[in-house]
Structures are given as C-alpha cells and as structure tokens.
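Letter by letter, the chains look like this.
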Amino acid sequence: MDRKQTVLIVEDEKNIVDILRFNLQREGYETLEAFDGVTGLDLILEKQPDLILLDLMLPGMNGFEVCKTIRDRGLNTPVLIITAREAEQDKILGLGLGADDYITKPFSIRELMARVKTNIRRQTMNSGGVPNTAANRLELGRIVIDKSAEQASKDGQDLELTQREFALLTYLAANPGRVFSRQELMERVWNYEGYVGDVRGVDVAIRRLREKLEDDPAQPRFILTRRGAGYLFQSE
Ligand code: CA
C-alpha cells in the first residue's frame, strides 16, 4: 500500500486536465493523461491505473466506448465519469457500461477528490487479499455472494455485476428483510456522506441489478421495493 496510486485522466479540455493533475498530485497520486479516447484506452491497458477519470465527449472514441471496451476486456478498474450534462445520468448508470460513478461539470474539486478517494478505497478493500473464510461468503438460498472474489452467483451461475451492483447486492443481502432507504443506500453503498441530492441513481442501479439477478425483473423476488420506504433483499 506504499505504492503511489495512479489516476488516469482522459479529457480533451486542457484547462480541466491541468486542474485535475494539480489537485491529484497534491493529494499524492501519480497521474497519467490522455486527450482522446484511443490514447486513453492504450494507457489503461498498458499502465493499469488505479482509477480512471473519464470525460464522455472525446475526439475519436468517446467515453462510453472506452468504458465499455475496458469492461469487455474484464478490467474492473474504477471509472469515474465526468459529464457536462445532468441529463446523462440515467444513460451513464443505466446502460450497463460498468461506470462506477459520475460527476457533473462544473464540479467542485473537493467533491471530485472525495469521490476519487472513495472509489479507490472501495476497490482496494474489495481486492485486498482477504482470506476466503465463511465471513466472506454469504449463502442465501439460490444466491451466493463471495466477497473476497467479488463475485455473486445464482443457481451456481456467475452473475456479471459491475462493482457498484455487487456492492449494492452485498449491502442489501447482508441484512435480509431489512428495508434500506434510498438515502441510506446512497450514503452506505455510494459512500456519499450526508448526501442530500438526487437519489434516483439508486433506482437506476436497482433496476440494472434486477435485470441481472431476477428470473423476471418485472416481478422481482430477491430485491423488493417497499413503496415510500426503500428496498430490501429477501432470500428464497
Ligand atoms: Ca470533452
């Protein structure tokens, strides 16, 4: 853990890259930069950064394609999307691109740095070489969650979940039957302390998770909605 962590910035606006580099380096991160998507992708594959800050509108290959390509190649590096439009939120979280988080321009540097830290920390915790003991395994009927391998399965079949979907499932499933509010999930799963903004991202993530988890996403049996209250996990 003494190794400096590396953040790759993929962004074509030079002044934003300058601000990001300055602040990341001040916080002790190494930085890499790419001003277009193809170069970004090359650097991701070659240097394996600890986190990727990814702009969506890029010359050549756009951010959506970059994100999809790295997930298709099996890399689970945290991706924090930088977007100019709030309206893109559903698209980012909903398209199954495998982005972990997003931030809207113009963003506060303080918030961005907090998100960088959170996303790297979660990744480090998830892959921290924890022994595969019973505590790292949740067996819930048809669903089995292996926390150390960061893998969930249903009926013995591995589920292709993003990091966020896995975290969400694990959080809910650790307390079967308990209802969690969107606010609570935002704070605990997304680690946004005192988050008071838009919690629709939780609904989008739940919808994506159900599509992968449920036999019939329209009639969920594992992740249930309690109207006006939130969500709960129920094992069969
Ligand atoms: Ca751009």
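Our structure's up above, just so we're on the same page.
So, here's what we can say about the structure. (Residues numbered from 1 in each chain as written. Predicted model: local features only at pLDDT ≥ 70, side-chain atom pairs only at ≥ 80, totals over all residues. Heavy atoms only, no water.)

### Quick word on the side chain of Glu-165
Take Glu-165: it is sitting in helix α6 (residues 163–173). In this structure Glu-165 touches Glu-160, Arg-208, Leu-209 and Lys-212, once residues within four positions along its chain are discounted. (Helix = DSSP H or I, 4+ residues; strand = E, 2+ residues; numbered from the N terminus. Contact = heavy atoms within 4.5 Å.)

### What about the nonpolar core?
Most often, soluble globular proteins have nonpolar side chains that are buried together. Membership of the largest hydrophobic core comes to 28 residues, with the highest contact counts inside it found for Ile-145, Leu-168, Leu-169, Leu-172, Leu-185, Ile-223 and Phe-233. Among the secondary structure elements, those contributing two or more residues to this core are β6 (137–140), β7 (143–146), α6, α7 (182–188), α8 (200–213) and β11 (230–233). The element contributing the most residues to this core is α6, with six residues. Counting 21 residues, the second largest nonpolar core, distinct from the first, contains Leu-8, Ile-52, Leu-54 and Tyr-102. (Core = buried A, V, L, I, M, F, W, Y, C linked by side-chain atoms within 4.5 Å. Buried < 20%, exposed > 50% of the residue type's maximum accessible area, 1.4 Å probe, protein only.)

### Topic: the pattern of salt bridges
Tallied over the entire structure, the rule returns 18 salt bridges. The structure contains a network of salt bridges with shared partners spanning Arg-142, Lys-154, Asp-155, Asp-215 and Arg-221. (Salt bridge = Lys/Arg side-chain N within 4 Å of Asp/Glu carboxyl O.)

### Observations regarding the sheet that holds strand β1 (residues 6–10)
Within the open sheet, the five strands sit side by side as β2-β1-β3-β4-β5. Their pairing is parallel. The sheet is open, and its two borders are formed by β2 (30–34) and β5 (101–104), each paired with just one other strand. Direction aside, neighbouring strands of the sheet carry axes that sit 20° apart on average. In the sheet, β1 pairs with β2 via five bridges, with the strands oriented parallel. Looking at β2, one finds that Thr-6 is bridged to Glu-30. (Pairing = 2+ DSSP bridges. Axes fitted to C-alpha atoms, helices over the stretch in contact; angles between N-to-C directions.)

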